[in-house]
Amino acid sequence: MAAFGAPLIALLVGLLLAGTLELASIASASAQSFTYNPRPPRPPPRPANNDGKMLVQAVEVNYDYNNQRVSAVGNVQMYHNGTSIEADKVTYDQKTKRLHAEGNIRLTDAQGKVTYASFLDLSDDYRDGFVDSLRVDTADDTRMAATRADRSAGNYTVFENGVYTACAPCKDNPKKPPLWQVKGARIIHDQTEKMLYFENAQLEFFGVPMAYLPYFSTPDPTVKRKTGFLMPGFMQSSTFGSALETPFYWAIAPDYDATFTPRFTSRQGVLFQGEFRQRLVNGSYQIRGYGISQMDQGAFAGQPGDRQFRGGVDTKGQFALSDKWVWGWDGVLLTDHFFFSDYRLAQYRDPLGSFLSLPTEALSQLYLTGVGNRSFFDARTIHYLSYSGSQDKVPVIHPVIDYSNVINRPIFGGEVSYKTNFTSLSRSTAAFDPITTLANTNGLCLTASADPLARLPAQCLLRGIPGTYTRLTAEAQWRRSFTDTAGQIWTPFAILRADAIDASISNQPGVSNFLPVGDTQALRVMPTVGLEYRYPFINVQPWGTTTIEPIAQVILRPNESHAGRLPNEDAQSMVFDASNLFAVDKFSGYDRVEGGGRANVGVQATTQFDRGGSINVLFGQSYQLFGLNSFAVSDPTNTGLASGLQNPRSDYVARVNYSPNRTYTFSVRSRTDEATMNINRFEAEGKAAFDRWSVSMMYGNYAAQPELGYLTRREGLLGSASLKVATNWVVSGGARWDLEANKLNQYIIGAGYVDDCFVLAANYVTSYTYSAGTTPPVLSHGFMFQIGLRTIANSSTSASGAGFLQ
């Protein structure tokens, strides 16, 4: 081990920090050929010293005083501040003030970039020099090679016959060209601007030229944010024609930036889009704006979009108040509610490849959320912007506040928890839901009635009241489990809930058919006591373990007060199955509360096989013991009717889950009429996942529920599959088949290639939208094509449309 003298130390320090490191930092280049020739591994670099000295290790160090040269020869290793350089020989010529390194040069910087070369020559002022047979491997798995790199003026580096890729070399054949690479006759790196300029470049896939670019530029890989144009996008629509988007990114400052994305359309002119983003110490926010002066308003004749200027603004942000509290907002403001959907902007865009429907509304809200070790708080005010044009029927949530907490100590030996909910909302126009063809065609929802509580049976539902509705709910719960000497598990529980309700319902046509209009104040108290009993029996066999567990639950409470006579805004969904058989309150929200005495009974059996796999079976029924059955009382939305709980003896519910191994899973769920044994609800689902392919299929069969608007039995199949046809190639598809209508009403077909450096994907989605009455179904479809080269570009095109099914 030897230490160089001060002049050489200064030169090597400068070389590592200013010269050679510049060459190593370049990760975007191009060339005439590009293969990898892995060299034998060397010993790992020594830890860097912290005293600022450079250490040099070699087989020998020679001092030529006559020629004023110092040479390190044989497995040379130099270390300084986390950077190492290895070579067969390093020579410093004090006369010419140049440093020469040759033979298997390997430079590793503190960030993990590795630069290989066969020869390096650099002046001691670091302004001039060259490197032969350069290759760079960066920490983010990008690679660059060149036959020669020349550095001049301390700022410019010119790579001759360079090549750049973000793909890993082939393990079986390192000399095989990568999936894609960019070659260039000359690549110029401007250190000051941190830009790479490519001359006579071409893009190759598997060594085959696919595109020629006489000139283009890109920021070097050390730049995370750089002002310039982004990849363009193409789309097409019947309303705005063909369109080209050309995004321009502006890196204004380290903590904020902006993107301008004009869309040039063939039919409507230029749609201007802009987005501003800023990150602060405790959070971030963004603002997006849109605007267009339409050239062809007739494309939207008879619609809200039939106007010259259309535009909008949407924004969101979130900030931390502490490690437990955050606040934020989402906001949308549009000239008309069809603007996002007509131009498929921002929040309206559909994630192709899913079976989800397009969004029907945009969300504006202001919120505050806190999370503790055993508590949760959330408060928000919400405004929904309807895309359908029914804005007056959409409520404004003044606030909705939730708080829950579990006390961190036992009380009477049990766990005590409590929760509160405060909801206040208003709506200007009643939201009726016609549930029959007759109601759709002749407006029976608005028919007046002499009886203020009279309803039009099976014609309409009142989904939302006109006026103001406020409710405060508080609930406390105590629960404790005991296990006796026989192994029986006893769990007594007690719940006390109180609701204070204030409603001011406007006297609009038809509303009095469902609820009393005017001001209504109500106090609803629901005390509940109950006991849950479980007695597991365990049987152990050589092939596995089986547990059979009878379960019984008895709940005692008074009748639901004001049942069916109060608004129902948040408890409109009601599906009774094995998942909520033992729920104390089976309503989904707060506006309805289950009352009366009830018993829930069932038996659960689970077998765990020793060689893997398991099967779980649950079967049970619910009984109304006494009092008013809340599920037999119709409310403005008929929640609970035709649910299987409306009779004193409920439908039978059952569930079977079977997994023979990690490959297959099967599930069957059913609800059977207690009196007739007819199947009211049946679902069967199977999944299989192998190394190269996976498939899933679900069959559903649901009885008619006229009270909820389902006038006929529904039956269908939903299937999906994916196949890995090659190492990185995947083909997938899915379809939904309406067996009652004998129609394929939704399907998706997609194919794609994905690896660590390249993405190629295409998806096609189509579906039918049905409505009551004689209106024909509407065919909607969408197509998206996407291509991405890691670190260089990502581009996509999409098209969508709708037309009446002939």
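Residues numbered from 1 in each chain as written. Predicted model: local features only at pLDDT ≥ 70, side-chain atom pairs only at ≥ 80, totals over all residues. Heavy atoms only, no water.

Let's talk about the overall build of the protein chain
1) Next: Within the protein chain, the secondary structure is distributed over three helices and 46 strands.
2) Next: For the protein chain, with 806 residues in total, the buried portion stands at 42%.
3) Next: Restricting the contact set of the protein chain to residue pairs at least 6 apart, pairs at least 24 apart contribute 53%. (Helix = DSSP H or I, 4+ residues; strand = E, 2+ residues; numbered from the N terminus. Buried < 20%, exposed > 50% of the residue type's maximum accessible area, 1.4 Å probe, protein only. Contact = heavy atoms within 4.5 Å.)

With respect to the pairing of strand β32 (residues 518–534)
1) Next: In terms of strand pairing, strand β31 (residues 489–505) meets β32 through 17 bridges, oriented antiparallel. By the bridge assignment, Ser 504 is partnered in β32 with Asp 519.
2) Next: Taken together, the six bridges between β32 and strand β34 (residues 544–556) define a ladder with antiparallel strand orientation. Residue pairing in the sheet places Glu 532 in a bridge with Gln 553 of β34. (Pairing = 2+ DSSP bridges.)

Quick notes on the state of the cysteines
1) Next: Applying the stated rule across the entire model yields one disulfide.
2) Next: In this model, Cys 167 is linked to Cys 757 through a disulfide, with the two sulfur atoms separated by 1.9 Å. Because the torsion about its S-S bond is 85°, the bridge between Cys 167 and Cys 757 counts as right-handed. Taken together, the positions of Cys 167 in the loop between β9 (156–165) and β10 (180–190) and Cys 757 in the loop between β43 (743–754) and β44 (758–769) put the pair 590 residues apart, joining distant regions of the chain. (Disulfide = S-S within 2.5 Å.)

Remarks on the nonpolar core
Nonpolar side chains tend to gather and get buried jointly when the protein is soluble and globular.
1) Next: Ranked by size, the top nonpolar core spans 36 residues in total, and within it Val 90, Leu 179, Trp 180, Phe 205 and Phe 758 carry the most contacts.
2) Next: Other than its neighbours up to four places away in sequence, Phe 205 contacts Leu 179, Trp 180, Met 210, Phe 758 and Leu 789.
3) Next: In terms of nonpolar packing, the next biggest core, distinct from the first, is built from 18 residues, Cys 460, Ala 503, Phe 514 and Leu 515 among them. (Core = buried A, V, L, I, M, F, W, Y, C linked by side-chain atoms within 4.5 Å.)

Quick look at the environment of Thr 142
1) Next: Here Thr 142 is to be found in the loop between β7 (129–137) and β8 (143–152).
2) Next: Residue class for Thr 142 comes out buried when judged on its relative accessible area of 1%.
3) Next: Put simply, Thr 142 and Ala 168 are 26 residues apart on the chain and 7.9 Å apart in space, counted from C-alpha to C-alpha.

What about the pattern of salt bridges?
1) Next: Per the counting criterion, the structure on display carries 32 salt bridges.
2) Next: Arg 497 is paired through a salt bridge with Asp 499; the nearest N and O atoms lie 3.0 Å apart.
3) Next: Overall, the relative accessible area of 5% leaves Arg 497 in the buried class.
4) Next: Residues joined in a network through salt bridges with shared partners are Arg 669, Arg 681, Glu 683, Glu 685 and Lys 687. (Salt bridge = Lys/Arg side-chain N within 4 Å of Asp/Glu carboxyl O.)

Overview of unusual backbone geometry
1) Next: The backbone phi angle of Asn 161 is positive, close to 50°, even though this residue is not glycine.
2) Next: For Asn 161, the location among the structural elements is in strand β9.

What about the environment of Gly 162?
1) Next: Within the element layout of this structure, Gly 162 appears in strand β9.
2) Next: Residue Gly 162 is classed as buried on the basis of its relative accessible area, which comes to 0%.
3) Next: Along the chain, Gly 162 and Lys 183 lie 21 residues apart, while their C-alpha atoms are 5.9 Å from each other.

Details of a nonpolar patch on the surface
1) Next: On the surface, a cluster of nonpolar side chains totalling about 830 Å² of accessible area is made up of Tyr 658, Tyr 664, Phe 666, Phe 690, Trp 693, Val 695, Leu 723, Val 725, Trp 729 and Val 731.
2) Next: Counting only elements with at least two residues in the nonpolar patch, the list comes to β38 (664–672), β40 (693–702) and β42 (729–738).
3) Next: Here Phe 666 shows up in strand β38.
4) Next: Look at Phe 666 and you get partly exposed, because its relative accessible area is 40%. (Patch = residues over 30% accessible without salt bridge, like charges linked within 9 Å, V, L, I, M, F, W, Y side chains within 5 Å. Areas by Shrake-Rupley, 256 points an atom, 1.4 Å probe, with all protein chains shown as cover.)

Observations concerning the environment of Leu 321
1) Next: Take Leu 321: it is sitting in the loop between β21 (309–320) and β22 (325–334).
2) Next: Judged by relative accessible area, which is 54%, Leu 321 ranks as exposed.
3) Next: Each C-alpha atom of the pair Leu 321 and Asn 282 lies 7.5 Å from the other, and the pair is 39 residues apart in sequence.
4) Next: With near-sequence residues (within four places) excluded, Leu 321 lies in contact with Val 326, Trp 327 and Leu 368.

Comments concerning the packing of aromatic side chains
1) Next: For the structure on display, the rule yields 32 aromatic pairs.
2) Next: The rings of Phe 240, Tyr 290, Phe 300, Phe 339, Phe 340 and Tyr 343 are connected pair by pair, giving a single aromatic cluster.
3) Next: In this structure, Arg 714 is placed above the aromatic ring of Tyr 710, and the distance from its NZ or CZ to the ring centre is 3.9 Å. (Phe/Tyr/Trp six-rings, centres within 6.5 Å; stacked < 30°, edge-to-face > 60°. Lys NZ or Arg CZ within 6 Å of the ring centre and 35° of its normal.)

Observations regarding the side chain of Ser 364
1) Next: Here Ser 364 is to be found in strand β23 (residues 361–371).
2) Next: Note on Ser 364: relative accessible area 13%, which makes it buried.
3) Next: A polar contact is formed between the side chain of Ser 364 and the backbone nitrogen of Val 332, at a distance of 2.8 Å. (Polar contact = N/O pair within 3.5 Å; in protein donor to acceptor, adjacent residues only side chain to side chain.)

Quick notes on the pairing of strand β11 (residues 195–205)
1) Next: In terms of burial, β11 is largely enclosed, as eight of its 11 residues are buried.
2) Next: Where β10 lies against β11, 10 bridges are found, and the strand directions are antiparallel. Residue Val 182 lies in a different strand from β11, and its bridge partner there is Leu 203.
3) Next: Following β10, the chain reverses through four residues before pairing antiparallel with β11; Lys 194 in that reversal takes a positive phi of roughly 55°.
4) Next: Across 10 bridges, β11 lies against strand β12 (residues 208–219) in antiparallel orientation. By the bridge assignment, Leu 196 is partnered in β12 with Thr 218.
5) Next: Between β11 and β12, which pair antiparallel one after the other, the connecting turn spans two residues, and Phe 206 there sits at a positive phi close to 55°.

Section: the confidence of the model for the protein chain
1) Next: With 82% of its residues at a pLDDT of 70 or more, the protein chain has an overall mean of 82.
2) Next: For residues 448–458, every residue scores under 50 in pLDDT, and the model assigns this stretch 28 contacts once sequence neighbours within four places are set aside.
3) Next: In the predicted structure, residues 771–775 sits below a pLDDT of 50 and forms three contacts with residues beyond four places in sequence or in another chain. (pLDDT = per-residue confidence, 0-100.)

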